[in-house]
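Coordinate analysis (summary)
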Amino acid sequence: NAGVTQTPKFRVLKTGQSMTLLCAQDMNHEYMYWYRQDPGMGLRLIHYSVGEGTTAKGEVPDGYNVSRLKKQNFLLGLESAAPSQTSVYFCASRPVGDSGNTIYFGEGSWLTVV
Amino acid sequence: LAKTTQPISMDSYEGQEVNITCSHNNIATNDYITWYQQFPSQGPRFIIQGYKTKVTNEVASLFIPADRKSSTLSLPRVSLSDTAVYYCLVGSLGQGFSFIFGKGTRLLVKP
């Protein structure tokens, strides 16, 4: 089972460049999330989606955009990368009908902005 | 979502039992308590979840007192491979869809 898959796993960007991180889940989950994690820090929620065609802002949304055109995919875009966006990005998904907090994470995407 | 407070770090030795306590004073009636484990360079993974009293699985136990204002994750007989960051998450779908993690507890297991 693939679960939650993120691409690419590693990327180096120059300041001002743009890029898109792709998250794909094959578990038919309704809810999807993008987090960032800086060295030695906890996870911070960037954006999330409660269903196809819907997105919402999390704790640290500035500088990022997201889209959920298909239920299984959640894209995170950086329009003009900045060094402060150097981080590890984790995508996650959650099943509908689960009243608890069971969230499934991808393996992460390492982004360096120089 | 209920705010959680955990110790920043803990040290232990192989074979010992480790208890990590999470405080969540403003937990809501519908909230569940969930713990995640994160190894370096990996995404967090679900360990255990509970609502009240005690829950046990093959990895850990979760103790929740009657007032539910705190919870304790218990790892029996830890090994070096249990060195990780442990996150306590309190909330429920009924509270909203954005799940916010704290900084977690860094557990270091020594030989």
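Residues numbered from 1 in each chain as written. Chains lettered and ligands numbered in written order. Predicted model: local features only at pLDDT ≥ 70, side-chain atom pairs only at ≥ 80, totals over all residues. Heavy atoms only, no water.

1. Some points on the overall build of chain B
What counts, and what does not: Put simply, DSSP H or I for four residues or longer makes a helix, DSSP E for two residues or longer makes a strand, and each gets a number counted from the N terminus. Between the two quantities, the radius of gyration covers C-alpha atoms and the globule rule is 2.2 Å times the number of residues to the power 0.38. Each residue is assigned to one of three classes by its accessible area relative to the maximum for its type, calculated with a 1.4 Å probe on protein chains only: buried under 20%, partly exposed between the two thresholds, exposed over 50%. In this analysis, two residues are considered to be in contact whenever any of their non-hydrogen atoms come within 4.5 Å of each other. For every accessible area listed, the method is Shrake-Rupley and the probe measures 1.4 Å; residues are considered covered only by the protein chains on display. For the charge count, each Lys or Arg is scored as positive and each Asp or Glu as negative, with His and the chain ends excluded. Charged groups are reduced to one reference atom each: NZ for lysine, CZ for arginine, CG for aspartic acid, CD for glutamic acid.
Looking only at helices and strands, chain B features zero helices and nine strands. Ordered by position in the sequence, the α and β elements of chain B form the string β-β-β-β-β-β-β-β-β. The globule rule puts the C-alpha radius of gyration for 111 residues at 13 Å, and the 13 Å found for chain B is close to it. Principal axes of the C-alpha set define a box for chain B whose edges measure 40 × 30 × 25 Å. The buried share among the 111 residues of chain B stands at 47%. When contacts within chain B are restricted to residue pairs at least 6 apart in sequence, long-range pairs at least 24 apart make up 56% of them. Carbon together with sulfur atoms contributes 51% to the accessible area of chain B, which is approximately 5,400 Å² in total. For chain B, the separation between the mean place of its 10 positive charges and that of its 7 negative charges on side chains is 6 Å.

2. A look at the confidence of the model for chain A
Rules: What pLDDT conveys is the predictor's confidence in a given residue, as a value from 0 to 100.
Looking at chain A, the pLDDT average stands at 92 and 96% of residues meet or exceed 70. Per-element averaging of pLDDT across chain A places strand 5 (residues 43–51) of chain A at the bottom with 91 and strand 8 (residues 73–78) of chain A at the top with 98.

3. Considerations on the state of the cysteines
Residue and element names in this part refer to chain A. Let me state the cut-off plainly: The rule for a disulfide is simple: a pair of cysteine sulfur atoms within 2.5 Å.
If you walk through the whole model with that rule in mind, you get two disulfides over all chains. At a sulfur-sulfur separation of 1.9 Å, the disulfide partner of Cys23 is Cys91. On the sign convention where negative is left-handed, the bridge of Cys23 and Cys91, at about -80° about the S-S bond, is left-handed. Of this pair, Cys23 sits in strand 3 (residues 19–25) while Cys91 sits in strand 9 (residues 87–94), and the two are 68 residues apart along the sequence. Exposure remark for Cys91: the relative accessible area of 0% places this residue in the buried category.

4. A closer look at the packing of aromatic side chains
Aromatic rings considered in pairs are described by the distance between their centres and by the relative angle of their planes. This is how the line gets drawn: Between rings of Phe, Tyr and Trp, where Trp is taken as its six-membered ring, a pair exists when centres lie within 6.5 Å; planes separated by under 30 degrees are stacked, by over 60 edge-to-face, and by other angles tilted. For a lysine, the NZ atom is tested; for an arginine, the CZ atom; a charge sits over a ring if that atom is within 6 Å of the ring centre and within 35 degrees of the ring normal.
With the rule as written, the count across this model stands at eight aromatic pairs over all chains. Judged by centre distance (6.2 Å) and plane angle (25°), the ring pair of Tyr33 of chain A and Tyr48 of chain A falls under stacked. Of the two residues, Tyr33 of chain A is situated in strand 4 (residues 31–37) and Tyr48 of chain A in strand 5; the sequence distance between them amounts to 15 residues. Comparing Tyr33 of chain A with Tyr48 of chain A shows no difference in burial state: the two are buried. By the ring-pair criterion, three or more aromatic residues cluster together here, those being Tyr33, Tyr35, Tyr48 and Phe105 of chain A together with Tyr36 and Phe46 of chain B. Between the NZ or CZ atom of Arg68 of chain B and the centre of the ring of Tyr51 of chain B, over which it lies, the distance is 4.0 Å.

5. Quick look at unusual backbone geometry
In this model, Thr7 of chain A is joined to Pro8 of chain A through a cis peptide bond whose omega is -10°. When you line up the elements, Pro8 of chain A lands in the loop between strand 1 (4–7) and strand 2 (10–13). Here the phi dihedral of Thr53 of chain B falls at roughly 60°; this positive angle occurs in a residue that is not glycine. Here Arg68 of chain B, not a glycine, exhibits a phi torsion of approximately 60°, which is positive. Tracing the backbone shows Arg68 of chain B in the loop between strand 6 (61–64) and strand 7 (70–75). Under the relative-accessibility criterion, Arg68 of chain B is labelled buried at 8%.

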